Amino acid sequence: MKFLEVCKGKKFDVPPVWLMRQAGRYMPEYRELRKKHGMLELCTTPELAKEVTLMPIRRFGFDAAILFSDITIPYYGLGVKFEIKEGVGPVVEDPIRDLEDIKKMDDFSVVREIESVAEAVKLLKKELPVPLIGFVGAPFTLAAYLIEGKPSRDFKKTKAFMFKNPEAWNALMDKLTDATIKYAKEQIDSGADVMQVFDSWVGGLNERSYKEYVAPWMKRIFSSIKELPSIHFGTNTSHLLHLMKDVGADVTGVDWRISLREAYHRVKSPIQGNLDPAILFGTKEVIEREVQAIKEEASEIGAHIFNLGHGILPETPIESVEILLRAVRS
Ligand code: CP3
């Protein structure tokens, strides 16, 4: 299938297209289901996770499905207590302060919630007409929620922890890397076709910090999931793209702050992106113009998967997604 071929470096005039967060609150059928079920309940009930994953495929016919889940799910396997607060994001009950707290965490095990994700993947594989993208959060981004306790703008506590406490940081990264690999394997063994690794917040680091405090663990992850194509995504990462490329994913996801041309120059391998999600609040003419601009840039570079530069925003009009799809495929 086209999507899998692009991951391996093949170039098409009309790129495969899917959108990060394509299953979610901008869809009326999702909002309807959410009235009856909590977010984490949807993630850990296989039949419901399957239904939500299929919603955008049925409505729009994207070229790939992404499993409906969340990057926080492996916390269950580590015994971390957390919730997803509406309109806020992940909130951790007892944020990590030191090495003792890390030692108190369980080693990752396949608890019921993890099994239910594997089960959702198996159910989806029986019905899906397109490839299924499994996903995991990268250790830095998972560590950031564990240390901050909640979403953060500047990741001050995370960086303080990392710079002050290298021994504890290494122990935490080891633990989260082990969890990430085992959680990815559950999805791979159940039939996922591609693995996307979200390091959403790593762009707050500079090159030296990325090399020292993040890259070694990312290499371990990508070398452990070689069975299938992988996509590596973060935001605000223009200055890190060449280093992210080196840790071993097949495709690099880029946000909208950099042009595809410049991003390609930095990674020289398949690229996913990078329409600004806010463009979908614009007029039909603006959406068409911006999609066309990305297609023109893409025509000058190697393999390209069309996507947004970050998740679709909850208030996005359905019609805008239809306009985007027609423009990409024309
Ligand atoms: O892409 C998809 O359609 C699959 C589903 C998906 C979700 N979360 C569902 C979700 C994916 C791929 C994720 C990944 C995720 N989760 C990331 C990495 C991607 C990114 O956007 O950077 C991160 C950082 C998280 C953590 C998280 N979970 C956040 C920041 C939020 C949003 C908080 C809010 O309410 O705005 C969540 C909750 C969440 N995850 C929702 C969805 C659909 C909203 C849930 C709801 O209230 O219905």
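All of these numbers come straight from a predicted model, not from anything done at the bench.

Participant: Got a minute to help me understand the overall build of the chain in this structure?
Facilitator: For the chain, the helix and strand inventory stands at 16 helices and 9 strands. What you see for the chain is a C-alpha radius of gyration of 19 Å, in line with the 20 Å of a compact globule of 330 residues. Residues classed as buried in the chain amount to 58% of the 330 residues present. Accessible area of the chain: about 13800 Å², with a carbon and sulfur share of 50%. A gap of 2 Å separates the mean positions of the 46 positive and 48 negative side-chain charges of the chain.

Participant: Mind showing me how you'd approach the environment of threonine 72 here?
Facilitator: If you trace the backbone, threonine 72 turns up in the loop between strand E1 (65-66) and helix H5 (74-77). Spatially, the C-alpha atom of threonine 72 lies 20 Å from that of glutamate 51, the residues being 21 residues apart in sequence. In contact with threonine 72, not counting residues within four places along its chain, are Leu40, Phe82, Ile84 and Pro90. Side chain to side chain, threonine 72 and aspartate 70 meet in a polar contact 2.6 Å long.

Participant: What is the right way to read the packing of aromatic side chains from this model?
Facilitator: By convention here, two paired aromatic rings are described through the distance between centres and the angle between planes. Under the criterion given, the structure shown has 10 aromatic pairs. Residues tyrosine 75 and phenylalanine 82 carry aromatic rings whose centres are separated by 5.5 Å and whose planes lie at 80° to one another, so their mutual orientation is edge-to-face. The exposure classification of tyrosine 75 matches that of phenylalanine 82, with both residues buried. Ring geometry for phenylalanine 198 versus phenylalanine 233: centroids 6.0 Å apart, planes at 80°, classification edge-to-face.

Participant: Can you help me understand the nonpolar core in this one?
Facilitator: For soluble globular proteins, the rule of thumb is that nonpolar side chains tend to be buried together. Among the nonpolar cores identified, the biggest contains 122 residues, and Tyr210 and Leu324 are the most heavily contacted of them. The contacts of leucine 324, once residues within four sequence positions are left out, are Val17, Leu19, Leu275, Leu280, Ile287, Val291, Phe306 and Leu308.

Participant: I keep staring at helix H7 (residues 112-127) and nothing clicks. Help me out?
Facilitator: Each turn of an α-helix holds 3.6 residues, which means side chains three or four residues apart point in the same direction. With 16 residues, H7 extends 23 Å between its outermost C-alpha atoms, agreeing within 8% with the 22 Å of an ideal straight helix rising 1.5 Å per residue. Buried within H7 are the following residues: Glu113, Ile114, Ser116, Val117, Ala118, Ala120, Val121, Leu123 and Leu124. Looking at the buried side of H7, the elements it contacts are helix H3 (39-43), helix H4 (46-60), H5, strand E4 (132-137) and helix H10 (166-190).

Participant: Looking at this structure, I do not really get the pairing of E4. What am I missing?
Facilitator: Two faces make up the sheet, and in a regular strand the side chains alternate between them. In terms of residue burial, E4 counts as a mostly covered element, since 6 of its 6 residues are buried. Of the pairings in the sheet, the one linking E4 to strand E5 (residues 194-198) comprises 5 bridges and is parallel in character. Looking at the pairing, glycine 137 lines up with phenylalanine 198 of E5.

Participant: Explain the packing of helix H15 (residues 284-299) against helix H16 (residues 318-329) to me, please; I cannot follow it from the model alone.
Facilitator: In helix packing, the relevant descriptors are the interaxial angle and the interaxial distance, both defined with respect to the helix axes. Packing of H15 against H16 brings their axes to within 9 Å, and their N-to-C directions diverge by 35°. Seen from above, H15 lies across H16 with right-handed handedness. Along its contact with H15, which presents Lys284, Ile287, Glu288, Val291 and Lys295, the element H16 presents Ser320, Ile323, Leu324, Ala327 and Val328. Taken together, the residues of the contact of H15 with H16 break down into 6 nonpolar, 1 polar and 3 charged.

Participant: Would you take a moment to explain the environment of alanine 143 for this structure?
Facilitator: Within the secondary structure, alanine 143 sits in helix H8 (residues 139-148). As a C-alpha pair, alanine 143 and tryptophan 169 span 26 residues in sequence and 8.9 Å in three-dimensional space. Not counting residues up to four positions away in its chain, the partners in contact with alanine 143 are Trp169, Leu172 and Leu176.

Each value, and the rule that gives it
Residues numbered from 1 in each chain as written. Predicted model: local features only at pLDDT ≥ 70, side-chain atom pairs only at ≥ 80, totals over all residues. Heavy atoms only, no water. Helix = DSSP H or I, 4+ residues; strand = E, 2+ residues; numbered from the N terminus. Rg over C-alpha atoms; globule rule 2.2 N^0.38 Å. Buried < 20%, exposed > 50% of the residue type's maximum accessible area, 1.4 Å probe, protein only. Areas by Shrake-Rupley, 256 points an atom, 1.4 Å probe, with all protein chains shown as cover. Lys, Arg positive; Asp, Glu negative; His and termini not counted. Charge placed at Lys NZ, Arg CZ, Asp CG, Glu CD. Contact = heavy atoms within 4.5 Å. Polar contact = N/O pair within 3.5 Å; in protein donor to acceptor, adjacent residues only side chain to side chain. Phe/Tyr/Trp six-rings, centres within 6.5 Å; stacked < 30°, edge-to-face > 60°. Core = buried A, V, L, I, M, F, W, Y, C linked by side-chain atoms within 4.5 Å. Expected span 1.5 Å × (residues − 1). Pairing = 2+ DSSP bridges. Axes fitted to C-alpha atoms, helices over the stretch in contact; angles between N-to-C directions. Left-handed = near helix turned anticlockwise from the far one by under 90°. Nonpolar A, V, L, I, M, F, W, Y, C, P; charged D, E, K, R; others polar.

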